[in-house]
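Next come the chains, spelled out residue by residue.
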Amino acid sequence: MAVCGVQAAGSEQAWLEAAQAFIQETLGPAGQETNIQLTQLVIDAVKNVWLSQGRNRGFALPLSYSFVSVQDLRTHQHLPCCSHLSWSSSEYQAWAQEAGPDGDPLPRERLLLLGTLTDVPADLEQDCRNGSLYVKDNSGVLGCKLIDLDLSWLDHLFLFPSWSYIPPARWNSPREGHLELWGAPVPVFPLTVSPGPVTPIPVLYPENASRLLRCRSKLRIVKPNLAGKLVQLSALVNSQKKSYFILSLGGSSPAYISVPVIVQVPAQLVWHQALWPRRSYVLTELRVSKIRDHPYCIWTTSPSSRLLPLEPECVQELELEGSLVEADPRPLPRPSNSQDGKGQKGLVRDSRLLSYMGTVTRVLNEPAGLYELDGQLELCLAYQQYCGLRRVVRPGVSLELQDVHLLQSVGGGARRPVLASCLRGAVLLRGFSRQKPKTQSSHQAHGASLYEQLVWERHLGLPLYLWTAKALEELACKLCPHVLRHHQFLQHSSPGRPSLGLQLLAPTLDALVPPGSPVRDAHKEILEEPHFCPLQKYTRLQTPCTFPSLSTVKEEAQCRAWASFDPKSLVPILEAFHLTSCQLNCRLAWSWLCLLPSAFQPTQVLLGVLVASSHKGCLQLRDRSGSLPCLLLAKHSQPLTDPRLIGHLVWAEKYQLVVERDVRSNFPSWKELSMAGFIQKQQARVYIQFFLDDALLIPLPRPFLHSTTSSGPPQTEPTHPEEPHMGQSRLFLVSHKEALMKRNFCTLPGANPKVPQATLSFHISGSWLGGTQRKERTGWGPPEPQIDENKDQKVLLIFMGSSIRWFEFLHPGQVYRLVAPGPPEPALFEDGRLSCKSQRPLELAGCVSCLTVQNEWTLELESSQDIPDVLGVHKALPESSLTDLLSGNFSDSLVSFSAEILSRTLCPARHWMKPGALRECVKLTVALETADCEFPPHLDIYIEDPHLPPPLGLLPGARVYFKQLEKKVSRSHNIYCCFRSSTYVQVLSFPLEITASTPLPHIYLAELLQGSQAPFQATVSCHIVSVFSLQLLWVCAYCTSVCLQGRCTRQGPSCPAQTSVSQAIIRILVEDGTAEAVVTCKNHHVAAALGLCHSEWTSLLEFVRVPGRVALQFTGPGAQRESSAEIEEPLTLFLRTLCNSLRVLRPIVLSFELERKPSIIFPLEPPRLQRFQCGEFPFLTRVNSKLKLSCLSIQEPEHPNFVGAFVSSC
Ligand SMILES: [Zn+2]
Ligand SMILES: [Zn+2]
């Protein structure tokens, strides 16, 4: 660093000349000629120090050193450095080695620093003294710190042989560096040693001083002097009115008596740096004063007071009058510090007051005043005004903490004991750090004033303060600098301009800090006994919540989803027992898990910016770590419509974190279910769903929105900086929205003539409301008149490319404004512009006027109340009538309805019947929501490619509105529905968080004859009248061919599979006195129908294994037998006997569903006439057709006797 223009060139003469020039300019009295004496004294001082170590390295002068002025340091020295005039290189090396294990030592510069030590910040500001120290020369003033100040050094010129300079940190608001002065400075002019007093100073010791304070009226001594040991030193308090500190002098005996003295004369505040606890001092010329608003009288210093070290031979104790001696010297009762107050008031603890010497080992959060001490304690300085220390404290600094509070297990995520200083105790610097300050990342630099607000305005206790500091750090890590700049996030909060960080945490803090916490009173905090301050009592904090990054949330959700994935729990073993390989694997193929905030301890809050993806068309929450897809409802049954929500910061405490599990497996049968090796592929789709009403939405400052609203390429950004106030727009009403899916489009002319690719897109059909409007200064101008008023205003809008980001916001019945930025173009929104025809989807050829929405166009939601044309529009969701839905009338095969999803499965037939072409098909079974039906009919909805994966939120328990599903009829005359490209799906509500399984209605069978009013599933108490048929067989688990003696019988090609499963089917006739029904029971329900326990059932099936199949038909009592076995085998005989026994023909409680889904294509047949022969008389009677039911479960009745009596009486 070329400071004085002198390079150490070996020429003493040149060095001396440069020194002279520097001294005259920087140190000499301003505007005077060279002071030869001053120059000589300075050079002598430099020489003395240089030669003091006896190693002059051949030179009488430090030629390699150059002089540096305060101004030079400030303007040119941008890096931290140190300078040690008398040290050899090896001495510096040894010193640097002790900088600490993970710190860089301060680099050494060869600089000579001289200056006057002063406590006046600038020449004219005598009253601005606040106890800080400065080094001053003609070029300027620089703050400094000194470990052991001698008050006699003030205002003298010194050579500083050892010092370090720390330039201002990049972010700190007072952009001032500072000096750390190592060791004692060397005076240029000899210091005048003040001679000891001629006569001993008369002094009061604390005992008497305390007595005098109590009997102030009798005080006759004018300005007494006080002597004693320094037993307590408060922090330096800077209030708006004045700065002060309070020290207490104690006597030798009794030790507990101490007398506080307040020091508030600005020129005496610097004493704070010279005082050492446990040393003895004399304070001269004190007065007694009363502190405003307090009952205390206190000794105070006068402007002429001095601070002197106590030398017993120079003082003489002052005698008091007799009456005063009587007075009790104790100023106030001083109870011993309560050690631990665990007992009282449950969880409230008392901290311990102690003194501590330690070294800072880490900076935890500088703006929040949090450090690590000695590698095992946390130090919190936030409850003091510690600005002066902030720049000095870094790893390696030794501190002496007076009367510091020790708080243990404060909770809230803090694991170590915490030392925290209140105003009562001083934090004293006892050693500088040899380390270079670390470069701060910006989140470590901002927010100091926000943290101060938390302590001084919001009055947070320490446990909550530590948690808040950590939470703000976590939040800043999530959001900055992507979404926000650190200084914006952590800015000081003021009424019109709240800090975003505090805005986010405010609800949590408000709930934990009752309003009206006591305001801190510095005098009380320092003087009052027993001591009371915000750190005195504390309660262990239960961590209120955490803010995991979205990528962590996703990972954890996936982990939990797979940890809880258990094939055995997905398929009950009784059922699994009879499933073929394909059925079993289909059952496992899709499952889901819903995690609520309460699943995490502590509660997890999801926080991110709401983004509309231009690639996928879905909504996402995004933070720095990644993004999570989300499904939002404005409120119950109301979709999200306002695109202005894009870019808002979302804080969600109430949400459902959904994990959909897709598993590809090849389990041969139930026996292998516990072996994970049969899982071939597994993937999880994670997303969140919540109501906007439950979330906190905070708009973000504009400049940062562009980086978050669109993830598309930069050219799609809707920015037109050159014409920000130009644009045109047109209103339209949405009547229908089609599915977001890949569609084929013709290649654009001039585009790459490759094979046309399917493009993710969707269509909106609707109608224009009025003509194009131009942007004017205050808003939108009047609509342009229509060229052809009679022309149809209907329009089809095509959204492709990055304009698919509007998908989630567009909904039927809403009015939107389509805005095209930039200079107005005539007929921009007219048909045929923008090569629309060539982009028109193939399927839409010959449709109404159509327009492709350009990437840079934007959408705004308009309130439809302001638009007269829309007033008459029917806002309710159109639904097909039940008759249309379930009838065989196919004139309009598109149906719309709301329904609750009952189950979601991968459809086995479609999935597995065509091996090779694995076309997936999702089957939703839904319960229709119809107003005129007590028991909602059930319906199946199939979703196939290209509509896979299904939209978010199609989960069991969710209520969904489906529009324009295609109605179809199956071979067995069941109505079902399929997704098609025009299908619109809107989730109305999320699955309930607590699903109470409602019991099936208990009915009489005759109620089923009432057609559509009958429940689809129900329970009935009935009696098994007879068995129609029974079949037991073993099939190959792989190809479902019959197995003989456990071997697959498939021929050409023969089947390699070894595994077989048993299957069973029984058809029984039941009646309950009102009607009869034929019930089909399958697999494990057959065991229940036959009244067999599990072991009986399995041994029966084992007997069947040899023949492979046993089938019995019963055509009524005494009818012809039909059996697979030609000779009546013992097994057949047994089954026949069993089926005719009272063990089977008994009362039961049957849960069932109708064998045929409700449809009115083939309504129930009317009762028909049947001829009966009774003895010799034939007669006719009306007989209802038999009901056909599928068994869901069979239970034995709770009161068999009663039911039996009921049945037998019929
Ligand atoms: Zn305290
Ligand atoms: Zn087979």
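Just above sits the structure.
How each quantity is defined
- Residues numbered from 1 in each chain as written.
- Chains lettered and ligands numbered in written order.
- Predicted model: local features only at pLDDT ≥ 70, side-chain atom pairs only at ≥ 80, totals over all residues.
- Heavy atoms only, no water.
- Helix = DSSP H or I, 4+ residues; strand = E, 2+ residues; numbered from the N terminus.
- Buried < 20%, exposed > 50% of the residue type's maximum accessible area, 1.4 Å probe, protein only.
- Contact = heavy atoms within 4.5 Å.
- Areas by Shrake-Rupley, 256 points an atom, 1.4 Å probe, with all protein chains shown as cover.
- Donors = N, O, S within 2.8 Å, 3.2 Å for Na, K, Ca; no water.
- Tetrahedral: all angles 85-135°; square planar, octahedral: opposite > 155°, others 65-115°.
- Core = buried A, V, L, I, M, F, W, Y, C linked by side-chain atoms within 4.5 Å.
- Salt bridge = Lys/Arg side-chain N within 4 Å of Asp/Glu carboxyl O.
- Pairing = 2+ DSSP bridges.
- Arc of directions from axis to C-beta.

Peer 1: What should I look at first to understand the overall build of the protein in this one?
Peer 2: Along the protein, the regular secondary structure elements total 25 helices and 60 strands. Counting every position in the protein, which comprises 1210 residues, the buried fraction comes to 50%. Look at the contacts in the protein between residues 6 or more apart in sequence, and 73% of them connect residues 24 or more apart. Total accessible area on the protein stands at roughly 57300 Å², and carbon and sulfur atoms take up 53% of it.

Peer 1: What is the right way to read the coordination of the zinc ion (ligand 1) from this model?
Peer 2: Tetrahedral coordination by four donors sets the ideal angle at the metal to 109.5 degrees; octahedral coordination by six donors sets it to 90 or 180 degrees. For the zinc ion (ligand 1), every protein donor is listed as His405 (NE2), Cys422 (SG), His531 (NE2) and Cys533 (SG), and the spread of their distances is 1.9 to 2.2 Å. If you look at the zinc ion (ligand 1), its four donor atoms make angles of 100 to 120 degrees with each other, and the shape they trace is tetrahedral. Each donor residue of the zinc ion (ligand 1) lies on one chain, and together they are spaced H-x16-C-x108-H-x1-C. We classify His531 as buried; its relative accessible area is 8%.

Peer 1: Just checking my understanding: could you explain the nonpolar core for this structure?
Peer 2: Note that soluble globular proteins tend to have their nonpolar side chains buried in a common cluster. Judged by nonpolar contacts, the single largest core of 78 residues is most densely connected at Leu117, Trp163, Leu179, Leu247 and Trp299. Of the residues forming this core, the biggest block, four residues, is contributed by strand S24 (residues 398–407). In terms of nonpolar packing, the next biggest core, distinct from the first, is built from 53 residues, Cys1036, Ile1068, Leu1135 and Val1144 among them.

Peer 1: Looking at this model, I keep getting lost on the pattern of salt bridges. Mind explaining?
Peer 2: Any two side chains of opposite charge can pair if their charged atoms end up close together. For the structure shown, the criterion picks out 26 salt bridges. A salt bridge links Arg644 to Asp642, with the nearest nitrogen and oxygen atoms 2.7 Å apart. Since its relative accessible area comes to 16%, Asp642 is described here as buried. Because the salt bridges share partners, they merge into one network encompassing Arg278, Glu400 and Arg430.

Peer 1: Where do I start with the pairing of strand S54 (residues 1076–1082) in this structure?
Peer 2: Across a regular strand the side chains alternate sides, sitting on one face of the sheet and then on the other. Within S54, five of the seven residues are buried, leaving the element largely enclosed by the surrounding structure. With seven bridges connecting them, strand S53 (residues 1060–1071) and S54 associate as antiparallel partners. Bridging across to S54, Val1070 finds its partner in Ala1077. Hairpin remark: S53 followed by S54, antiparallel, with four residues in the connecting loop; positive phi at Gly1073, about 90 degrees. Here S54 pairs with strand S60 (residues 1187–1195) via four bridges, running parallel.

Peer 1: What is the right way to read helix H24 (residues 1130–1139) from this model?
Peer 2: Owing to its 3.6 residues per turn, the α-helix brings residues three or four apart onto one side. Listed in full, the buried residues belonging to H24 are Leu1131, Thr1132, Leu1135, Arg1136, Leu1138 and Cys1139. Around the axis of H24, the buried residues are gathered within 165 degrees of arc, so they sit on the same side. Exposed positions of H24 whose direction lies more than 90 degrees from the buried face are Pro1130 and Thr1137.

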